[in-house]
Amino acid sequence: MRHLITLDDVSREEIHRIFALTEDIKTKFLAGVREPLFPGRVMAMLFEKQSLRTRVSFQAGMAHMGGTSMMLGDDVGFGKRERIDDFTKVLCQFVDVIVMRCKQHETVEQVAQHATCSVINGLTDVAHPCQALADLYTIEEHVHSLEDAKLTWVGDANNVARSLAVACGKLGVHFAIASPQGYEFSPAFLESLRAQCPDMQLTITADPHEAVTDASAVYTDVWASMGQEKEQAQRKKDFADYQVNEKLMASAPQGALFMHCLPARRGEEVTDAVLDSPNSIVVEQAGNRMHAQKGILAWLLGTQRS
Ligand code: CP
Ligand code: NVA
């Protein structure tokens, strides 16, 4: 049974396969064709944190493709009423795929371990693989070739940054990251990244101006992720020099794209001038979440059939 828990689970070839499925489904969708690829298929969704993009794009996507989805709320008692292995084995009797957003990464891993249907990570504190796949697909729509592209992350080396780094490593994109001291990738993550992507071009610096040099796209995210609200004030101080503003974008090549997974805290990690600039592709990125997740579903449900 295949799952998508982190991008360690997919090879470069599989990512290209997902992108090809995405391209086909998106092109048809934009031409008004909603192919019913999943009639009678059911997707369960379990979200322990808030979500607009991930939740709605998965549900809308499943509906477009002739399947159905259900948001499981507190009433199913996940993690409270019975053991997670019992819960998972029973849920898999009813549904074809489970999408989860969890506070603890281990919870998604535990569900995947016991699931007899595919499990998709819709964000944990460790990874956000659906976001990174949609983002790399979006970059590919804009650049001549992914192998000539450079993605620069400015800010916290968080869940989204980790998934983007792995996606870039697997797809031959130069990944640069500028983070303040104390907020960098852990040595364990870097070891795993280098083991998976030994030829990857990786730039790690504390200087955001150096990092954005030659960038095809500059990407940032909130300074305090969901679950880190208590650290907000301290992080605001620690990240003060890492705001993506017009001055920083002036150090990037003219025409460099601006990206953000959203939701944004305008005036903190990014200014209005950058977020609303003609080079900002944040809304398009969000739109591609749905197309890419249809590609992911087509790939995963396809592997189930074979
Ligand atoms: N980018 C993203 O995952 O957004 P949501 O938290 O709204 O799902
Ligand atoms: N890093 C952010 C991403 C939200 C989509 C968070 O985890 O809250």
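A brief look at the structure comes next. (Residues numbered from 1 in each chain as written. Chains lettered and ligands numbered in written order. Predicted model: local features only at pLDDT ≥ 70, side-chain atom pairs only at ≥ 80, totals over all residues. Heavy atoms only, no water.)

## Concerning the environment of Asp 156
Reasoning step 1: For Asp 156, the location among the structural elements is in the loop between β5 (150–154) and α6 (159–171).
Reasoning step 2: A relative accessible area of 6% means that Asp 156 is categorised as buried.
Reasoning step 3: Sequence separation between Asp 156 and Val 282 is 126 residues, and the spatial gap between their C-alpha atoms is 18 Å.
Reasoning step 4: In this view, Asp 156 contacts Ala 161, Tyr 183, Val 222, Trp 223, Gln 228, Arg 235 and Phe 239; residues no more than four positions away in its chain are not counted. (Helix = DSSP H or I, 4+ residues; strand = E, 2+ residues; numbered from the N terminus. Buried < 20%, exposed > 50% of the residue type's maximum accessible area, 1.4 Å probe, protein only. Contact = heavy atoms within 4.5 Å.)

## Here's the deal with empty space enclosed by the protein
Over the atoms rolls a probe the size of a water molecule, and in doing so it shows where empty space is left.
Reasoning step 1: The tally for this structure, following the rule as stated, stands at one cavity of 30 Å³ or more.
Reasoning step 2: Considered as a void within the structure, the largest cavity measures approximately 80 Å³ in volume.
Reasoning step 3: Every residue along the wall of the largest cavity is listed here: Ile 25, Lys 28, Phe 29, Val 33, Arg 34, Glu 35, Leu 37, His 64, Met 65 and Lys 294.
Reasoning step 4: In terms of residues, the lining of the largest cavity owes the most to one element, helix α1 (residues 12–30), which gives three residues.
Reasoning step 5: Among the residues forming the lining of the largest cavity, the class breakdown is five nonpolar, one polar and four charged. (1 Å grid on protein atoms, 1.4 Å probe; cavity = no way out; pocket = protein on both sides within 12 Å on 5 of 7 lines; lining within 4 Å. Points joined across faces, edges and corners; volume = space filled by probe spheres on them. Nonpolar A, V, L, I, M, F, W, Y, C, P; charged D, E, K, R; others polar.)

## A few points about the packing of aromatic side chains
Reasoning step 1: Inspection of the entire model under this criterion finds eight aromatic pairs.
Reasoning step 2: Here the aromatic rings of Trp 223 and Phe 239 are separated by 5.9 Å at their centres, their planes lie at 15 degrees, and the arrangement is stacked. Of this pair, Trp 223 sits in the loop between β8 (217–220) and α9 (232–238) while Phe 239 is found in the loop between α9 and α10 (246–251), placing the two residues 16 residues apart along the sequence.
Reasoning step 3: Residue classification places Phe 239 among the buried positions, given a relative accessible area of 0%.
Reasoning step 4: Members of the aromatic cluster, connected to one another through ring pairs, are Tyr 183, Trp 223, Phe 239 and Tyr 242. (Phe/Tyr/Trp six-rings, centres within 6.5 Å; stacked < 30°, edge-to-face > 60°.)

## Quick word on the site of ligand 2
Reasoning step 1: All residues adjacent to ligand 2 are Leu 123, Asn 158, Asn 159, Val 160, Asp 221, Ser 225, Met 226 and Leu 262.
Reasoning step 2: Here an oxygen atom of ligand 2 sits 2.8 Å away from a polar atom, N or O, in the side chain of Asn 159.
Reasoning step 3: In this structure, Met 226 approaches ligand 2 through a main-chain N or O atom, which is 2.8 Å from an oxygen atom.
Reasoning step 4: Burial of ligand 2 by the surrounding chains reaches 94%, relative to a free accessible area of 270 Å².
Reasoning step 5: Looking at the shell around ligand 2 residue by residue, the class counts come to four nonpolar, three polar and one charged. (Near = heavy atom within 4 Å. Polar contact = N/O pair within 3.5 Å; in protein donor to acceptor, adjacent residues only side chain to side chain. Areas by Shrake-Rupley, 256 points an atom, 1.4 Å probe, with all protein chains shown as cover.)

## A few points about the pattern of salt bridges
Reasoning step 1: A full pass over the atoms with the stated rule returns 13 salt bridges.
Reasoning step 2: Residues Asp 24 and Lys 28 are paired through a salt bridge, measuring 3.1 Å at the closest nitrogen-oxygen approach. With Asp 24 and Lys 28 both in helix α1, this residue pair falls four residues apart, about one helical turn.
Reasoning step 3: Across the salt bridge formed by Asp 272 and Arg 266, the nearest N and O atoms sit 3.0 Å from each other.
Reasoning step 4: When its relative accessible area of 42% is taken as the criterion, Asp 272 is described as partly exposed. (Salt bridge = Lys/Arg side-chain N within 4 Å of Asp/Glu carboxyl O.)

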